[in-house]
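Fold and contact review
Listed below, chain by chain, are the residues.
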Amino acid sequence: MSKIIVREIESPSGAINFVGGLTIADSGSISYPGRIVQMKHVTYKTRTSWQNATSDTGSVSANVPGMQVDLQCKFASSKVVIEARILGDVHHNTVFRYTVNGSHITTAAYDSYNDDAGANRWSGITCAPYDGANNNTSTPGDIFFMVFYKPGNTNNNTYRIVSREGNTSQSTNYINRCGSSNGQNSYECGVSSMIIYEIEE
């Protein structure tokens, strides 16, 4: 293994570029596209419920309890990867989306709904499965959510997982618990979590 020891490296352009894509900018920051710059995480343990939002379109949603993370990117060119795992009894007509600073994302390639279906109330990133009993009985399940987004700034942005009704009614959902019980024999409880990565581009 070879070793080079120097006191100072100087570039006439102000930035030092290495073979393989690594760059040290003149500001002192290290640039390496594709690397994880930072990660934020939240674990939510409260056993509670929430109701889906209803409207004629997909423009209104309800916040899923505890599924919120603030992240301030180091680089304006970065993308963020949002992952969430929601444990609970969730009605099968529930559609999940995400918001940034309270706004639904409609930017091409980062939409929080199915482009082919449009921004309708039944269109989202994912939805709850149907188990024949409206998912509101004695056994909770996991719903996994993953999406990426490019904020285009270095502001401290708030990312939330939200839900809405895929029908004209309004359903009640339960997080970290069953619909029929807050926890006892045969009525399981658990925890939900959300994680965000900043990925340098």
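Residues numbered from 1 in each chain as written. Predicted model: local features only at pLDDT ≥ 70, side-chain atom pairs only at ≥ 80, totals over all residues. Heavy atoms only, no water.

1. Thoughts on the overall build of the protein
To be explicit about the condition: Numbering of helices and strands runs from the N terminus, with a helix taken as a DSSP run of H or I at least four residues long and a strand as a DSSP run of E at least two residues long. Exposure categories follow from relative accessible area, calculated using a 1.4 Å probe and restricted to protein chains: below 20% of the type maximum is buried, above 50% is exposed, and the middle band is partly exposed. Any two residues whose heavy atoms approach within 4.5 Å at even a single point are treated as in contact. For accessible areas, the Shrake-Rupley method is used with a probe of radius 1.4 Å. Any residue's cover is judged against the shown protein chains and nothing else.
Scanning the protein for helices and strands turns up zero helices and 14 strands. In sequence order, the protein lays out its α and β elements as β-β-β-β-β-β-β-β-β-β-β-β-β-β. Going through the 201 residues of the protein one by one, you find that 38% of them count as buried. Taking the contacts inside the protein whose residues are at least 6 apart along the sequence as the reference set, 79% of them involve residues at least 24 apart. As displayed, the protein has an accessible area near 10900 Å², and 47% of this comes from carbon and sulfur atoms.

2. Considering the environment of arginine 121
With respect to the element layout, arginine 121 can be found in the loop between strand E9 (103-104) and strand E10 (126-127). Between the C-alpha atoms of arginine 121 and threonine 168, which are 47 residues apart in sequence, the distance is 8.8 Å.

3. Section: the side chain of serine 171
Under the convention used in this document: The term polar contact refers here to a pair of N or O atoms within 3.5 Å; inside protein, the definition further demands a hydrogen-donor-capable atom paired with an acceptor-capable atom, and it admits residues adjacent in sequence only when both atoms are side-chain atoms.
Within the element layout of this structure, serine 171 appears in the loop between strand E12 (156-165) and strand E13 (172-175). A polar side-chain atom of serine 171 sits 3.3 Å from a polar atom in the side chain of histidine 91. Discounting residues that sit within four places of it in the chain, serine 171 has contacts with Trp50, Gln51, Asn52, His91 and Glu165.

4. Some words on the packing of aromatic side chains
Definition in use: Two rings from Phe, Tyr or Trp (for Trp, the six-membered ring) form a pair when their centres sit within 6.5 Å of each other. Planes less than 30 degrees apart are called stacked, planes more than 60 degrees apart edge-to-face, and all others tilted.
The final tally for this structure, using the stated rule, is five aromatic pairs. Considering the side-chain rings of tyrosine 110 and tyrosine 149, the 5.9 Å spacing of their centres and the 85° angle between planes classify their relative orientation as edge-to-face. Taken as a pair, tyrosine 110 in the loop between E9 and E10 and tyrosine 149 in strand E11 (residues 141-149) lie far apart in primary sequence, 39 residues in all. Overall, tyrosine 149 belongs to the buried group, its relative accessible area being 11%. Seen from their ring centres, tyrosine 149 and tyrosine 159 are 6.4 Å apart, and the 70° between their planes marks the pair as edge-to-face. Placement of the pair is tyrosine 149 in strand E11 and tyrosine 159 in strand E12, with a sequence separation of ten residues. Each member of the pair, tyrosine 149 together with tyrosine 159, is buried.

5. Describing the pattern of salt bridges
Two side chains of opposite charge can pair, provided their charged atoms sit close to one another. The condition that has to hold: Think of a salt bridge as a Lys or Arg side-chain nitrogen and an Asp or Glu carboxyl oxygen that are within 4 Å of each other.
Counted by the stated rule, this structure contains four salt bridges. The partner of lysine 79 in a salt bridge is glutamate 201, and the shortest N-O contact between them spans 3.6 Å. One end of the pair, lysine 79, is in strand E7 (residues 79-89); the other, glutamate 201, is in the segment after strand E14 (192-199), and 122 residues separate them in sequence. Its relative accessible area of 22% is what places lysine 79 among the partly exposed residues. Judged by its relative accessible area of 43%, glutamate 201 is partly exposed. Across the pair aspartate 142 and arginine 85 runs a salt bridge, and its minimum N-O distance is 3.0 Å.

6. Brief notes about the environment of glutamine 51
Here glutamine 51 is to be found in strand E5 (residues 48-51). Of the polar contacts made by the side chain of glutamine 51, one reaches the side chain of threonine 172; its length is 3.5 Å.

7. A short note on the nonpolar core
This is how it is decided: The definition of a nonpolar core used throughout is a set of buried Ala, Val, Leu, Ile, Met, Phe, Trp, Tyr and Cys residues joined through side-chain atoms within 4.5 Å.
Counting 29 residues, the largest nonpolar core has Ile82, Phe96, Tyr98, Tyr159, Ile161 and Met194 as the members making the most contacts within it. Of all elements in the fold, only strand E6 (62-72), E7, strand E8 (94-100), E11, E12 and E14 reach the threshold of two or more residues within this core. Tallying contributions element by element places E6 first for this core, with five residues.

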